[in-house]
Amino acid sequence: MPTPLEIAIGAIAEGYYSMLARLCECARLRREYSADLELASVADVVMRAIAEERPVEAGPVKVEVRRKLLGKSIKVVYRGEEVDPNEFLTKISQARSRAAWLQSDCSDQAVLEPVYATNDRDAIEYAVRHMDELSKVCDGVSPQLEGLEMPSYVKEGIKKGVERFLARQ
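Residues numbered from 1 in each chain as written. Predicted model: local features only at pLDDT ≥ 70, side-chain atom pairs only at ≥ 80, totals over all residues. Heavy atoms only, no water.

Chemist: Would you mind showing me how to read the layout of surface pockets here?
Modeler: A water-sized probe, rolled over the atoms, reveals where empty space remains. The volume enclosed by the largest pocket comes to roughly 160 Å³. Lining of the largest pocket is provided by Leu23, Cys26, Ala27, Arg30, Arg31, Cys106, Asp108, Val111, Met131, Ser135, Cys138 and Asp139. When residues of the lining of the largest pocket are traced back to their parent elements, those giving at least two are helix 1 (4-32) and helix 4 (108-116). For the lining of the largest pocket, the leading source of residues is helix 1, giving 5 residues. (1 Å grid on protein atoms, 1.4 Å probe; cavity = no way out; pocket = protein on both sides within 12 Å on 5 of 7 lines; lining within 4 Å. Points joined across faces, edges and corners; volume = space filled by probe spheres on them. Helix = DSSP H or I, 4+ residues; strand = E, 2+ residues; numbered from the N terminus.)

Shown next, in the form of structure tokens:
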């Protein structure tokens, strides 16, 4: 039968393991969908330019307006390739949806949720303050667990969670 201290260490280790898994998954998704994130960041400017039929260059998008005898035509160039404006608006919509999803599911709050579940103030504070250092595990690097000025069971739980994560990488 585990002691209450062993249970606390296990809960902190599990919280850290789950947080690191989510942190690294979110980093992978941000890399995978970086083009969508970039497109979503310029979406408003591009959509306004298309609606107002005016030229604009924003990020990877260039909107050109050509005057014709009976009006104007819009040309959208995305990453060097011409794209139909209506199809491009669909692409923008998809990119915005994906960006919103990533911002929600990969917010700091969402990533830290497993550590919040431990209800241990020291474990939570350490995770919040050292998120950048902890993110090094995503590259297989063991983080420098500096500033572990807290109860020994919290230190042990954090170290076990990080070690467990690195062992499963």
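Chemist: Is there a simple way to explain the state of the cysteines in this structure?
Modeler: By definition, a disulfide is the covalent link that joins the sulfur atoms of two cysteine residues. Inspection of the entire model under this criterion finds 2 disulfides. With its sulfur 2.1 Å from that of its partner, Cys24 forms a disulfide with Cys138. Because the sign of the S-S torsion sets the handedness, a value of about -95° for the bond joining Cys24 and Cys138 places this disulfide among the left-handed ones. Placement of the pair is Cys24 in helix 1 and Cys138 in the loop between helix 6 (131-134) and helix 7 (152-167), with a sequence separation of 114 residues. Residue classification places Cys24 among the buried residues on the basis of a relative accessible area of 13%. Here Cys26 is linked by a disulfide to Cys106, with a sulfur-sulfur distance of 2.1 Å. The chirality of the disulfide connecting Cys26 with Cys106 is left-handed, given an S-S dihedral of about -85°. Here the residue Cys26 occupies a position in helix 1, and Cys106 occupies one in the loop between helix 3 (85-105) and helix 4, the gap between them amounting to 80 residues. (Disulfide = S-S within 2.5 Å. Buried < 20%, exposed > 50% of the residue type's maximum accessible area, 1.4 Å probe, protein only.)

Chemist: Before we go on, may I ask you to explain the sheet that holds strand 4 (residues 81-83) in this structure?
Modeler: Within a sheet, adjacent strands bond to each other through the backbone by hydrogen bonds, running parallel or antiparallel. Reading across from one edge, 1-2-3-4 is the order of the 4 strands in this open sheet, with antiparallel pairing throughout. Two strands close off the open sheet at either side, each with one partner strand: strand 1 (56-58) and strand 4. With direction set aside, neighbouring strand axes in the sheet form an average angle of 25°. Direction of pairing for strand 1 relative to strand 2 (residues 61-68): antiparallel, over a ladder of 3 bridges. From the neighbouring strand, Ala58 faces strand 2, where its bridge partner is Val61. Taken strand by strand, helix 3 contacts strand 2, strand 3 (71-78) and strand 4, and its axis lies near 45° from that of strand 3. (Pairing = 2+ DSSP bridges. Axes fitted to C-alpha atoms, helices over the stretch in contact; angles between N-to-C directions. Contact = heavy atoms within 4.5 Å.)

Chemist: Can you walk me through the nonpolar core in this structure?
Modeler: Generally speaking, a soluble globular protein has its nonpolar side chains buried in company with each other. Formed by 26 residues in total, the largest nonpolar core has its most connected members in Tyr16, Met19, Leu20, Val115, Leu134 and Ile158. Mapped onto this core, the elements with two or more residues apiece are helix 1, helix 4, helix 5 (121-129), helix 6 and helix 7. The element contributing the most residues to this core is helix 1, with 9 residues. Once residues lying within four places of it in the same chain are set aside, the contact partners of Met19 are Val111, Leu112, Pro114, Val115, Ala127 and Leu134. If you look at the next biggest cluster of nonpolar residues, it comprises 16 residues, including Leu39, Val42, Ala58 and Tyr78. (Core = buried A, V, L, I, M, F, W, Y, C linked by side-chain atoms within 4.5 Å.)

Any functional reading would require information that these geometric values do not contain.
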